[in-house]
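Observations on the three-dimensional arrangement
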Amino acid sequence: MSNPLPLTVERNHDNFEQDLSTFPRSALIANRSELTHQSLNTQGELPSDLKGHIYIVGPAGSVDSLTIKDERELVLPVHRNGISIFNGDGMIYRLDFEDGKNALLTTRLAKTPCYYVDKEINENQDIPGILKFQSVGLMRFSPTLGVRTQGNTMCMPVQFANDPSKRILLTSDNGRPYEIDPRNLNVITPIGSNSEWKDIKMPIADGPFKMVGSAAHPVFDENTQDFFTVNWSKSIATMLTPVDLSIEKLEPLLKHLPNFIRKKHRKVKLIKWINDRLGLDDIFYFLQGHILKEGEMSNFFKPYISSELLTALKEVEKVILYKSIKDIDELLNNISSAFEEAISIFGKIRDMEDFVYLVRWNGEGSLQSWQVLIEENGSSKPVHLDNSLHQIGITEDYIILMDTTFKVGVNQVFGKNFPKWENILKILRKAISHTQSIAPAVYCIRRSDLEVHCESDKQGVKTVIAKKISLPQEVAHFAVDYSNPSGKVTLHVAHNCAWDPAEWIQSYDEIADFSKPINGFPMGSTDINKLGKYIIDVENEKILNSSLVSDSELTWSTAIYTHSPAPGHKINDIFWLSWGSWKEFQAHFILDLYRDYPLRDISLEEVLLKTSPSNIIRLNTDSMKIEDAYKFPGGYFGNSPQFVPRSGVEEDAKNGYIICVVFNAIEQDTSDTEIWIFDASTLSKGPICKLSHPTLKFGMTVHSTWIPTAQSSQSNYRIPIREDYASLLEDESSELQELFEKHVFPNFE
């Protein structure tokens, strides 16, 4: 173990408000208003050959997000502690460049079936609070209704053989894909019925809205008109494996505890231990404020509290109220009974399982699924994920699945904060948190095997064997050349070394520069990132060649890429956007978590002194050199880059424009959120045009896409929502069935 560092850095507190090295808070405000063809103000000249439509997606808070002053639609998506900025209803933004003279903006919330239920419950005071959805960590769920599909990550264009124009699919890591109308942006239909998807069995969220693991970045092959995505799950044991805690260890412990604490001589010691370590006042506050009294948190906990546990908690309240450790026999007996009942929860936990399915769709019919297996020691076994399948790729002969660097563990799913219990929460987070897996697994599936070699297991499930290769360092996003000569696949990656976007700032975090924590934003990178190219021999499961590049100013928190959509089988230039290095995101927690990162290039002492702005670069994939770059000014943050080819000219890797969302910390008359337009061939010259409007407050956007024309969908594909939820609602209350009848079904019929 290395020696602890003095995790503090200098900051000029006298001029803090004007310090342009601070992160722009405008990224933390979202406008939930739905706009139609809003004309944007132009600074500079809008290129006449910039045509088409850009779709950008990002979370924009929830129906119960805190509003700003009198602005009902302006919300603070992460005002409640414990919520990741990636948690929120998807807002779809479309930028139209149709006449080469004006830029128009249209926005719509992603109104999936669960959105309407969430909205009605929040607005109708007569509906029991026990049904209410809560935002926790990376998800929004109700203990009696299930998990929200928020549709907040990416829009993907597809065009199948019978489609006269592009269709748009809305995707995210959690939930089925949904088709939206390219013109009015309304949600049309889910892709696949509920029965065609396997759900993640959540023991604390059981209801009609199932939690479905999918890919935020599925793929579409324009040559074969095939759409591929994945359907995956992790068991609670897999989620807990990195913290060395499993069901096998927990269940015997729970069975042993009742007898342990019933032994007379241990009772006083137990209460004294609780008092010494947690503080009776803190426990009393928690019980009074969150469990024993009616209120939001009481409703949150109610479905999980048995009568025995509630009795025990009330006894605890009495003990704490009178600061006494007398008469605790009944208290401990009730606690013992509660532990015994808790054992039954493990039946539900065991229903959670590890699986990965490859899913194919032809745009019209039912989904096709294959469970993905790997061969080890002469036998085949299901793929188990360390992190998640955030992205997949496609070549002419292979489907590429990568266990990407966005971990999904207990802390990401159940991250919740309660005031006055911050010390306990800090201890708990440290106990259950773990670093990202360093060597991500790449699973390559022969497309030909989907047609001729698939076998079915005893349950009739089709299976397919994947080849497995491991990369040397973490990867969140990647691109892949479509051409794979002689089974050689070329991957283009960003190595997110010691960067953990699945951990976010909490209000109780201590920041290295003493600044106030920015709730919900991903913590900063604790080492420099790298860009890489790998040539993989799939059939022999080995890396043939690799090239890496990094830059001390440009490759910090390298997040998102874009490249030319020009036809061809090889990616020649990639535009990578890095979020930069901001001292405000260097929390003691993340620095401690990655203190002993084994592949470190930059010492933590140097990391703490580093401030680097967000930037966008162009990487030549042949020379593996950064040939062009632009650094955003201090106090500015760029995100969601999109390449748009010039209209009417021959397409190539640099002949076009880069459009991105830019947040700033400068008060001005126009907007603190802007759209910047760059000439893709000369990034270093800076933006050639800026678009703005007072209503332009995007919040933290994610990914984008571009299509040349946007026409209303002509597809007849529909999943009948009423039929889709019929079996899931038949055992639910008449009140819930009526809610669906009045507020869900009419929106899809």
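Within each chain, residues carry numbers counting from 1 in the order of the written sequence. The model is predicted, so local features are restricted to residues of pLDDT at least 70 and side-chain atom pairs to those at 80 or more, both for listing and for counting; the totals for chains, interfaces and linings are taken over all residues. Working from all heavy atoms in the structure, the side-chain values ignore hydrogens and water.

On to the overall build of the chain. The numbering of helices and of strands both runs from the N terminus, where a helix is a DSSP run of H or I of at least 4 residues and a strand a run of E of at least 2. Each helix and strand counted, the chain has 16 helices and 38 strands in total. Only protein chains enter the area calculation, which uses a 1.4 Å probe; residues under 20% of their type maximum are buried, those over 50% are exposed, and those in between are partly exposed. Taking all 749 residues of the chain together, the buried fraction comes to 58%. Note on definitions: a residue-residue contact is assigned when non-hydrogen atoms from the two residues lie within 4.5 Å. For the chain, restricting intrachain contacts to residue pairs at least 6 apart in sequence, the fraction spanning at least 24 positions comes to 71%. Here the accessible surface of atoms and residues is derived via Shrake-Rupley with a 1.4 Å probe, and residues count as covered only by protein chains that are part of the display. Entry remark: accessible area of the chain is about 30,400 Å², with carbon and sulfur atoms responsible for 49%.

Another point: the environment of Ile 590. Within the element layout of this structure, Ile 590 appears in helix H13 (residues 588-593). Along the chain, Ile 590 and Asp 509 lie 81 residues apart, while their C-alpha atoms are 9.7 Å from each other. Contacts of Ile 590, omitting those with residues within four sequence positions, involve Asp 500, Glu 503, Met 523, Gly 524, Thr 526 and Phe 585.

Let us now look at helix H16 (residues 734-743). Among all positions in H16, only Leu 736, Leu 739 and Phe 740 are buried. End-on view of H16: buried residues confined to an arc of 95 degrees, all on one side of the axis. For H16, exposure combined with an orientation more than 90 degrees from the buried face picks out Ser 734, Glu 735 and Lys 742. Relevant arc is that of directions from the helix axis to the C-beta atoms, nothing else.

Further remarks concern unusual backbone geometry. For Gln 225, which is not glycine, the phi torsion reads 55 degrees and is therefore positive. Its identity as a non-glycine residue notwithstanding, Ser 557 has a phi of 55 degrees, on the positive side. Summarising the element assignment, Ser 557 is placed in the loop between strand S29 (542-549) and strand S30 (558-562).

Strand S26 (residues 475-480) sits mainly inside the fold: six of its six residues count as buried. By the bridge criterion, four bridges tie S26 to strand S27 (residues 488-495) in an arrangement that is antiparallel. Across the sheet, Val 480 pairs through a bridge with Leu 491, a residue of S27. Should DSSP find at least two bridges between two strands, the strands are regarded as paired.

Here we take up the side chain of Ser 564. Along the chain, the position of Ser 564 falls in the loop between S30 and strand S31 (573-578). One polar contact links the side chain of Ser 564 to the main-chain carbonyl oxygen of Asp 652, over a distance of 3.3 Å. Once residues lying within four places of it in the same chain are set aside, the contact partners of Ser 564 are Phe 643, Asp 652 and Ala 653. For this analysis, a polar contact is any N or O atom pair within 3.5 Å, provided that within protein one partner can donate a hydrogen and the other can accept it, and provided that sequence-adjacent residues contribute only side-chain to side-chain pairs.

Attention shifts here to the confidence of the model for the chain. In predicted models, pLDDT denotes the confidence assigned by the predictor to each residue on a 0 to 100 scale. Predicted confidence across the chain gives a mean pLDDT of 83, with 76% of residues reaching 70 or more. Low pLDDT, under 50, characterises residues 1-19; the predicted model gives this stretch 35 contacts beyond four residues in sequence or across chains. This model gives residues 320-327 a pLDDT under 50, and the stretch forms 10 contacts once residues within four places in sequence are excluded.

When the charged atoms of two side chains with opposite charge come close together, those side chains can pair. Put simply, a salt bridge is a Lys or Arg side-chain nitrogen that is within 4 Å of an Asp or Glu carboxyl oxygen. Enumeration over the complete set of coordinates arrives at 35 salt bridges. Between Asp 96 and Arg 94 there is a salt bridge; the shortest N-O distance is 2.7 Å. When sorted by exposure, Asp 96 lands in the same class as Arg 94, which is buried. Lys 166 is the partner of Glu 222 in a salt bridge, and the nearest nitrogen-oxygen pair spans 3.4 Å. Of this pair, Glu 222 sits in the loop between strand S16 (219-221) and strand S17 (226-233) while Lys 166 sits in the loop between strand S12 (154-158) and strand S13 (167-171), placing them 56 residues apart in sequence. Salt bridges linked by common partners bring Arg 32, Asp 64, Asp 89, Asp 118, Arg 140 and Arg 148 together as one network.

Those residues of helix H15 (residues 721-729) lying buried are Ile 721, Asp 724, Tyr 725 and Leu 729. Angular distribution of buried residues about the axis of H15 spans 120 degrees; they occupy a single face of the element. In this structure, H15 carries Glu 723 and Ser 727 as exposed residues pointing more than 90 degrees from its buried face. On the buried face of H15, the contacting elements are helix H1 (113-123), strand S14 (178-180), strand S15 (187-190) and H16.

Attention now goes to the packing of H15 against H16. In a pair of packed helices, the angle between the axes and the distance between the axes together describe the arrangement. At a closest axis distance of 11 Å, the pairing of H15 and H16 adopts a crossing angle of 175 degrees. By the angle class used here, H15 and H16 are roughly antiparallel. Only Leu 736, Gln 737, Phe 740 and Glu 741 of H16 make contact with H15, whose side of the interface consists of Arg 722, Tyr 725 and Leu 729. Within the contact of H15 with H16, the residues separate by chemical class into four nonpolar, one polar and two charged. To define axes, lines are fitted to C-alpha atoms, for helices over the stretch in contact only, and angles between the resulting N-to-C directions are given on a 0 to 180 degree scale. Angles below 35 degrees are treated as roughly parallel, those above 145 as roughly antiparallel, those between 65 and 115 as roughly perpendicular, and all remaining angles as oblique. Under the scheme applied, nonpolar residues are Ala, Val, Leu, Ile, Met, Phe, Trp, Tyr, Cys and Pro; charged residues are Asp, Glu, Lys and Arg; polar residues are all the others, including Gly.

The subject of this paragraph is the sheet that holds strand S36 (residues 673-679). Spatially, S3-S37-S36-S35-S34 is the arrangement adopted by the five strands of the open sheet, whose pairing is antiparallel. Each edge of the open sheet carries a strand with a single partner, namely strand S3 (41-44) and strand S34 (636-645). Between one strand and the next, the sheet's axes are offset by a mean angle of 20 degrees, whatever the strand orientation. Relative to S36, strand S35 (residues 656-664) is paired through seven bridges, and the arrangement is antiparallel. What sits directly across from Ile 659, in S36, is Ile 677.

Tracing the sequence through the fold places Arg 595 in the loop between H13 and helix H14 (604-609). Separated by 2.3 Å, the side chains of Arg 595 and Asp 592 make a polar contact.

With that out of the way, let us pick up the sheet that holds S14. Spatially, S12-S13-S14-S15 is the arrangement adopted by the four strands of the open sheet, whose pairing is antiparallel. The sheet terminates laterally at S12 and S15, the two strands that pair on one side only. Across the sheet, the axes of successive neighbouring strands diverge by a mean angle of 35 degrees, strand direction being ignored. Bridging between S12 and S13 involves five bridges; their strand directions are antiparallel. When the sheet's bridge partners are listed, Cys 155 is paired in S13 with Leu 170.

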